[in-house]
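Below are the chains, spelled out letter by letter.
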Amino acid sequence: MKKYIRLYNITLKLSVISTAICSGILAVLLNDIIESYQLKGTQEGLMSSMISIGALTALITSILLQGYFRKPRWIVFSGLTAAIALILKGIPMPYFMFLIMCLIMGFGNGSVDSYQSSFLADLNKEDTPRHMGAMHGIFGIGGVLTPFIFSKMLKYFYWRTVYIIAGIICLVFILQFAVISGYLEKRLSLVSKAEPKFSVRNFKELFFNRHFVMLLLCIFFSAAAQSGVTVWTIRYVSTYLKSSALSGICLSVYWIASTVSRFFSRLIPWKPCKIIAVGAFASAFAWAIALVVNVPVSIFIACIIVGLASGSGIPLSLSEGTSMYGGQTGFATSMLMFFKTVGQILSPIIIAYISYQCQMRVGMLATSVFFAINGLFAVLFLYGFKKQSNS
């Protein structure tokens, strides 16, 4: 039994590399795509937003179909959808068709991202925070390698070819999970179990819980802030600060720092939301100072600080949510991922709009605001629990 769970943990965590590539590839290729399609203003933020809208649609679908499908099979289906859409984005097409591919890829990647976290919680009910940190740490490793590897590929291949290569790599990581999952399905009883089907009662239980609502808002602003860093840093440093050499490195060190944060945050003797709050406020300050100084090196240093301080924010929020609703990890995770995705949808549009109306430097400051509000809701979440325990 234990060896099967261990094997499932390994193959599941490896599949997360595919999710990381799908999540980070756009930031690497963004400049080339904008130049190829000659995009301006808010058009530049539509690709990221369409990916997030696809993910949002997937999460709504996941909530409504809860209990109808086994989680491993849904992970395989969603992962294959994302990988194939990534490959298709490498085929020449009009911009509106490219946006549709972004939507489809977002649907697949958003769904697989949610179910990976949910299924991991099912496999490791007694030690969810440690495994959640490890899985998102592996996601961080994928995030580190994505800008490093694919930015190097851009020197030798056209950006559409890079999309095809990335899609094939994602396909390999999903197929390895599909094969091992098929082998383990008959040998592990918990895999065949489905959660209770979605009901209005489940929905009301979550949204009438003030603590869970605070957690939803916390992950919303955490995702919005993270999106501000991961989507726009390369473009800001390369285009606005005129440092192409340092732009890809900034995002790489951010993911390295985030990975370290996710692996080691469990060693900090604080409650998860206290770690989130302190990290968010520190990130808001560091990012604002970097933009005041406004040189490539300041953004580079800020990426390290922000990654270390707030990189564990999303996995810690997911861990808190699954611990609050242990019997319905799929529903709780889907709701948290839903709010996370809404944050990812709005953030690029807000930053692109502010950048277009004012200047890009002002738009990038929105990320600091998102971090500060994230910290505020984490404090409110903590205050609510203290008040409840004292009453």
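Residues numbered from 1 in each chain as written. Predicted model: local features only at pLDDT ≥ 70, side-chain atom pairs only at ≥ 80, totals over all residues. Heavy atoms only, no water.

1. Some remarks on the overall build of the protein chain
Logical step 1: Across its full length, the protein chain holds 14 helices and 0 strands.
Logical step 2: The linear arrangement of helices and strands in the protein chain, starting from the amino end, is α-α-α-α-α-α-α-α-α-α-α-α-α-α.
Logical step 3: Compactness check: the protein chain gives a C-alpha radius of gyration of 20 Å against a globular reference of 21 Å for 391 residues, within 12% of the reference.
Logical step 4: With the C-alpha coordinates aligned to their principal axes, the bounding extent of the protein chain is approximately 55 × 50 × 35 Å.
Logical step 5: Classification of the 391 residues of the protein chain by burial places 59% in the buried group.
Logical step 6: Sequence-distant contacts in the protein chain: of pairs separated by 6 or more residues, those separated by 24 or more amount to 85%. (Helix = DSSP H or I, 4+ residues; strand = E, 2+ residues; numbered from the N terminus. Rg over C-alpha atoms; globule rule 2.2 N^0.38 Å. Buried < 20%, exposed > 50% of the residue type's maximum accessible area, 1.4 Å probe, protein only. Contact = heavy atoms within 4.5 Å.)

2. Structural notes on the layout of surface pockets
The rolling of a water-molecule-sized probe over the atoms marks out the regions of remaining empty space.
Logical step 1: Volume-wise, the largest pocket comes out at about 450 Å³.
Logical step 2: Lining the largest pocket are 18 residues, and of these Ser 151, Lys 152, Ser 244, Ser 247 and Gly 248 sit closest to its centre.
Logical step 3: Among the elements of the structure, α1 (2-37), α5 (128-153), α8 (210-240) and α9 (244-264) are those that each provide at least two residues to the lining of the largest pocket.
Logical step 4: The leading source of residues in the lining of the largest pocket is α9, at 6 residues. (1 Å grid on protein atoms, 1.4 Å probe; cavity = no way out; pocket = protein on both sides within 12 Å on 5 of 7 lines; lining within 4 Å. Points joined across faces, edges and corners; volume = space filled by probe spheres on them.)

3. As for the nonpolar core
Logical step 1: By size, the foremost hydrophobic cluster in this structure holds 76 residues, and its most contacted members are Leu 12, Trp 287 and Ile 299.
Logical step 2: The element best represented in this core is α8, accounting for 16 residues.
Logical step 3: Apart from residues no more than four positions distant in its own chain, Trp 287 is found in contact with Val 229, Thr 233, Ile 299, Ala 302, Cys 303, Val 306, Met 364, Thr 367 and Ser 368.
Logical step 4: By size, the runner-up hydrophobic cluster in this structure holds 33 residues, among which are Ile 17, Val 28, Met 47 and Phe 98. (Core = buried A, V, L, I, M, F, W, Y, C linked by side-chain atoms within 4.5 Å.)

4. Examining helix α4 (residues 95-123)
Logical step 1: Helix length check: α4, at 29 residues, gives a terminal C-alpha distance of 41 Å against a target of 42 Å (1.5 Å per residue), a fit within 8%.
Logical step 2: Of all 29 residues in α4, 23 are buried, a share of seventy percent or more. (Expected span 1.5 Å × (residues − 1).)

5. Section: the confidence of the model for the protein chain
Do not read the predicted coordinates in detail wherever pLDDT is low.
Logical step 1: Here the protein chain averages 85 in pLDDT, while 92% of its residues score no lower than 70.
Logical step 2: Within the protein chain, the element-level pLDDT minimum falls on helix α7 (residues 200-207), averaging 70, and the maximum on helix α11 (residues 296-310), averaging 95. (pLDDT = per-residue confidence, 0-100.)

6. Some remarks on α11
Logical step 1: With 15 residues, α11 ought to run about 21 Å at 1.5 Å a step, and its terminal C-alpha atoms sit 21 Å apart, in line with that.
Logical step 2: Inspection of α11 places Pro 296, Ser 298, Ile 299, Ala 302, Cys 303, Val 306, Gly 307, Ala 309 and Ser 310 among the buried residues, and these make up the whole buried set. Across the axial projection of α11, the buried residues extend over an arc of 165°, all falling on one side. (Arc of directions from axis to C-beta.)

7. Topic: empty space enclosed by the protein
Logical step 1: One pass over the structure, following the stated rule, counts 4 cavities of 30 Å³ or more.
Logical step 2: Here the largest cavity defines a volume of roughly 550 Å³.
Logical step 3: Ser 23, Gly 24, Asn 109, Lys 340 and Gln 344 are, among the 31 residues lining the largest cavity, the residues nearest its centre.
Logical step 4: Counting residues per element, the lining of the largest cavity draws most heavily on α1, which supplies 7 residues.

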